Amino acid sequence: DAKTTQPTSMDCAEGRAANLPCNHSTISGNEYVYWYRQIHSQGPQYIIHGLKNNETNEMASLIITEDRKSSTLILPHATLRDTAVYYCIVSNAGGTSYGKLTFGQGTILTVHP
Amino acid sequence: GAVVSQHPSRVICKSGTSVKIECRSLDFQATTMFWYRQFPKQSLMLMATSNEGSKATYEQGVEKDKFLINHASLTLSTLTVTSAHPEDSSFYICSARVSGGWNTGELFFGEGSRLTVL
């Protein structure tokens, strides 16, 4: 799986949008971009994923650059409960190895009042 | 939505004892489950892939005789830490993939089990 690079930490004010960047310059054509987050002492929680088009769901939006070498996760209105470690992962969506995720160090997002 | 449950959520044991951690898919069948380990202030590290009815596949550096994995049914995988030592103290997390599912929405993580070996 392609490697990802994320900032170590970010801060965001409550109610503002949180924009978390991720670089994945070695991504291959059949690899998706996934975002998970982990709140302290809990298992990872799926947020969103995409291949090349921008995606939006009830939790977040995912913006993928045209060359697919980077992406940005957007939490439109961050709350204190969004404080967590956010992981950007690149992996194949199908095949027998699906689900075998390689977690990097992620970005520690701190939302403050 | 689908739920993956781990038990126990916390366990404290004495050095030299064995500890079993269960991972259950509550409302779906999971042919494949994954076990991760997470040390404090570190990221999740994949330990092994557990396949129902067959032997688990271990990642490089993970001792299969130390971390016994059994996936006897489509809803249950167990991880047994044998002869646990303080360095095995960690947060163990499982994930389960819906049988035949290829989409990210069909991969679910458990809440994790914190093991402390005294």
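Residues numbered from 1 in each chain as written. Chains lettered and ligands numbered in written order. Predicted model: local features only at pLDDT ≥ 70, side-chain atom pairs only at ≥ 80, totals over all residues. Heavy atoms only, no water.

Trainee: How should I be thinking about the pattern of salt bridges in this particular structure?
Mentor: Opposite charge on two side chains lets them pair, provided their charged atoms get close. Residue and element names in this part refer to chain A. Taken as a whole, this structure holds four salt bridges over all chains when the rule is applied. Among the ionic pairs, R37 bridges to D82, the shortest N-O distance being 2.8 Å. On the criterion of sequence distance, the pair formed by R37 in strand β3 (residues 31–38) and D82 in the loop between β7 (70–75) and β8 (84–92) is long-range, its members being 45 residues apart. Note on accessibility: R37 and D82 belong to one class, buried. (Salt bridge = Lys/Arg side-chain N within 4 Å of Asp/Glu carboxyl O. Helix = DSSP H or I, 4+ residues; strand = E, 2+ residues; numbered from the N terminus. Buried < 20%, exposed > 50% of the residue type's maximum accessible area, 1.4 Å probe, protein only.)

Trainee: Just checking my understanding: could you explain the sheet that holds β7 of chain A for this structure?
Mentor: Two pairing modes exist for strands in a sheet, parallel and antiparallel, and in both the strands are linked by backbone hydrogen bonds. Residue and element names in this part refer to chain A. Pairing in this open sheet of four strands is antiparallel, and the strands run β2-β7-β6-β5 from one edge to the other. Unpaired on one side and paired on the other, β2 (18–23) and β5 (55–56) mark the two borders of the sheet. By the bridge criterion, six bridges tie β2 to β7 in an arrangement that is antiparallel. Each bridged residue has a counterpart across the sheet, and for N23 the counterpart in β7 is S70. (Pairing = 2+ DSSP bridges.)

Trainee: Help me understand the side chain of S113 of chain B, please; the structure alone is not making it clear to me.
Mentor: All names here are of chain B. On the secondary structure map, S113 appears in strand β11 (residues 113–117). Polar side-chain contacts of S113 include one of 3.0 Å to the side chain of Q6. Here the side chain of S113 touches P8 through a polar contact of 2.7 Å, landing on its backbone oxygen. Setting aside residues no more than four positions away along its own chain, S113 makes contact with Q6, H7, P8, S9, I21, S90, F91 and Y92. (Polar contact = N/O pair within 3.5 Å; in protein donor to acceptor, adjacent residues only side chain to side chain. Contact = heavy atoms within 4.5 Å.)

Trainee: Help me out: how do you make sense of the sheet that holds strand β7 (residues 67–73) of chain B in this one?
Mentor: Residue and element names in this part refer to chain B. With antiparallel pairing, four strands are arranged side by side in an open sheet as β1-β3-β8-β7. Sheet topology places β1 (4–7) and β7 at the edges, where each strand pairs with a single neighbour. For this sheet, the mean inter-axis angle between neighbouring strands, taken without regard to orientation, is 15°. In terms of strand pairing, β7 meets strand β8 (residues 76–81) through five bridges, oriented antiparallel. (Axes fitted to C-alpha atoms, helices over the stretch in contact; angles between N-to-C directions.)

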